[in-house]
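Summary of structural features
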Amino acid sequence: MFQEFKNFKPSTGETEDFNAEKFYNIIKMFEALEDINISFVGSFIWLTDLTPGAMYSQKDLIKGITIENYNSPRWARLKKSWYFSPADYVKKNGKQRDLEDIKSYYGSKDFQTKGSFKLAM
């Protein structure tokens, strides 16, 4: 799995500073979560539901994740998603953009956490 991350290079930003081990360690921080999609969009990390209610039921776990050089997780009410922004990020305009628009503009790489297995009775 680590080799997969070594081959991944961010689509935007400076690639000469890319560190596969650091990237892999970031992914490992989300290992305890279930049914969540992790998207690397530009320099942001976005978390979205794979199954409805997955993020709400795990919000305390999400709030407990700390990533070096990133702000603590924040809830984007209109996008219904959690996100991590770079520590030095300052929003420059008041425009509201859809998450899909942001992904198409900056590019995105998605990873999914493990799913929960439930038996139907």
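Notes on the structure follow. It should be emphasised that the depicted structure is a prediction, and the values quoted were computed from it without experimental measurement.

A closer look at the sheet that holds strand E4 (residues 81-84)
The five strands are arranged E3-E4-E2-E1-E5 in an open sheet whose pairing can be described as antiparallel. Where the open sheet ends on each side, the last strands, each with one partner, are strand E3 (74-76) and strand E5 (108-112). Within the sheet, the average angular offset between the axes of one strand and its neighbour, ignoring direction, is 30 degrees. Sheet analysis places strand E1 (residues 36-41) next to E5, joined by five bridges and oriented antiparallel. When the bridges of E5 are listed, Asn-37 appears paired with Gln-112. Against the sheet, helix H2 (residues 20-29) contacts E1, strand E2 (44-49) and E5, and its axis sits at roughly 150 degrees relative to E1. Along the sheet, helix H5 (residues 99-106) contacts E1, E2, E4 and E5; its crossing angle with E1, the most-contacted strand, is approximately 45 degrees.

With respect to the pairing of E2
Counting buried positions along E2 yields five of six residues, so the element is predominantly enclosed. In this antiparallel pair of consecutive strands, E1 and E2, the connection spans two residues, and Gly-42 shows a positive phi of 60 degrees.

What counts, and where the lines are drawn
Just so you know, the residues in each chain are numbered from 1, in the order the chain's sequence is written. In view of the model being predicted, local features appear only for residues whose pLDDT reaches at least 70, and side-chain atom pairs are presented and counted only at 80 or more, with totals across whole chains, interfaces and linings using the full set of residues. Side-chain figures throughout are based on the complete set of non-hydrogen atoms in the structure, without hydrogens or water. In this description, strands pair whenever DSSP reports at least two bridges between them. Each helix is a run of H or I in the DSSP string that is no shorter than four residues. Each strand is a run of E no shorter than two, and both are numbered from the N terminus. Between the N-to-C directions of two axes lies an angle of 0 to 180 degrees, each axis being a line fitted to C-alpha atoms and, for a helix, fitted only over the stretch in contact. In what follows, a contact means two residues having at least one pair of non-hydrogen atoms within 4.5 Å. Relative accessibility thresholds used throughout: buried, under 20% of the residue-type maximum; exposed, over 50%; partly exposed, between the two (1.4 Å probe, protein chains only).

Everything listed here is a matter of coordinates, which is why it stays silent on function.
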